[in-house]
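What follows is the residue order along each chain.
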Amino acid sequence: MPLRHFLLALAVVAVWGSNFVVIKYALHTLPPLTLAVLRFAFALVPACFFLRRPQVGWGNLAGYGVLIGVGQFGLLYLAMRSQISPGLASLVVQTQVFFTLLLAVRLRGERVLATTWLGLVLAAGGVIVIASHTDGTTTWLGLAMVLAAAFCWACANLLTQRAGRIDMLAYVVWSSAFAVPPLLVLALLIDGPQAVAAGLAASDLGTWAAVLWQSVGNTLFGYGVWSWLLARHPAGRIVPMALLVPVFGMGSASLLLGEPLPGWKLVAAALVLAGLAINLFGPRLLPASLKPARD
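Each value, and the rule that gives it
- Residues numbered from 1 in each chain as written.
- Predicted model: local features only at pLDDT ≥ 70, side-chain atom pairs only at ≥ 80, totals over all residues.
- Heavy atoms only, no water.
- Helix = DSSP H or I, 4+ residues; strand = E, 2+ residues; numbered from the N terminus.
- Rg over C-alpha atoms; globule rule 2.2 N^0.38 Å.
- Buried < 20%, exposed > 50% of the residue type's maximum accessible area, 1.4 Å probe, protein only.
- Phe/Tyr/Trp six-rings, centres within 6.5 Å; stacked < 30°, edge-to-face > 60°.
- Lys NZ or Arg CZ within 6 Å of the ring centre and 35° of its normal.

Participant: Explain the overall build of the protein chain to me, please; I cannot follow it from the model alone.
Facilitator: The number of helices and strands found in the protein chain is 13 helices and zero strands. Along its sequence from the N terminus, the protein chain presents helices and strands in the succession α-α-α-α-α-α-α-α-α-α-α-α-α. Relative to its length of 295 residues, the protein chain is compact, with a C-alpha radius of gyration of 19 Å against a globular reference of 19 Å. Dimensions along the principal axes, computed over C-alpha positions, put the protein chain at roughly 60 × 45 × 40 Å. Burial statistics for the protein chain: of 295 residues in total, 49% are counted as buried.

Participant: Could you clarify how one ought to interpret the packing of aromatic side chains in this entry?
Facilitator: Where two aromatic rings form a pair, the distance of their centres and the angle of their planes describe that pair. Within this structure, the stated rule accounts for eight aromatic pairs. Between tyrosine 64 and tyrosine 171, the ring centres sit 4.7 Å apart and the planes meet at 55°, which makes this aromatic pair tilted. Of the two residues, tyrosine 64 sits in helix α3 (residues 58–82) while tyrosine 171 sits in helix α8 (residues 168–191), which places them 107 residues apart along the sequence. Taken as a pair, tyrosine 64 and tyrosine 171 share a single burial class, namely buried. For the pair phenylalanine 99 and phenylalanine 151, a centre-to-centre distance of 5.7 Å together with 90° between the ring planes defines the contact as edge-to-face. Of this pair, phenylalanine 99 sits in helix α5 (residues 96–108) while phenylalanine 151 is found in helix α7 (residues 140–163), placing the two residues 52 residues apart along the sequence. We classify phenylalanine 151 as partly exposed; its relative accessible area is 35%. Above the face of the phenylalanine 40 ring, arginine 39 is positioned so that its terminal group lies 5.3 Å from the ring centre.

This is how it looks when you write it as structure tokens:
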């Protein structure tokens, strides 16, 4: 891989990882579901006028938009408001990888390799370590909400697989049209009209920059560049870079927000990352007889 392509991939995972700190910053001013509305509204407009709608059914787009908008980010923002720290949120949400695998086994009958089970056990061990150390910054409710967000992300992944080979950036942009309306209704019901109005009135340039970081940086730049790289290199060279997302997430939370990194957090991170790495690289080490047969 050329150095400039490697640096682009590194920039994407850095944006995705540090986004958890940006979310926390924005939540100091904006209510969580209001922030989610703004994120997806700015991801949709004006990009939808420059990107053609992907050749996929409206039902698929709507399902993806609701699962990602309301299910993943709605729950994530609600949890990060006061129930879980940004660093741990960036780590726990990566369990979507294992939820995706288990759903594929349950719904599509895919075979699970021994390495997948090993990776799942290690990642589950990391989550248990986190659950056993809930404190004022991370609660059982926050952990459960982020796990639910990861599950919704996994469900959305299955819809993406069903959509086939598509322009992922256009897919994310157009699906945002289905995320905004339910999020707006929930913002009015849960955040409340007064809190929505107060949050918007109190927003300064820093708050709007945080919103744009998520819409333009996290979505348009992130998905756009990632898709561009995957079109030019084997997935095995690009996808492993995603393992750095929680590294950037926990690192930026520690540096910028002063989030402590006690030994138990490092152990939990090591277990989850080891599980993800084994799931990603483990199948290459298995004998051919233990790998799923190909049609």
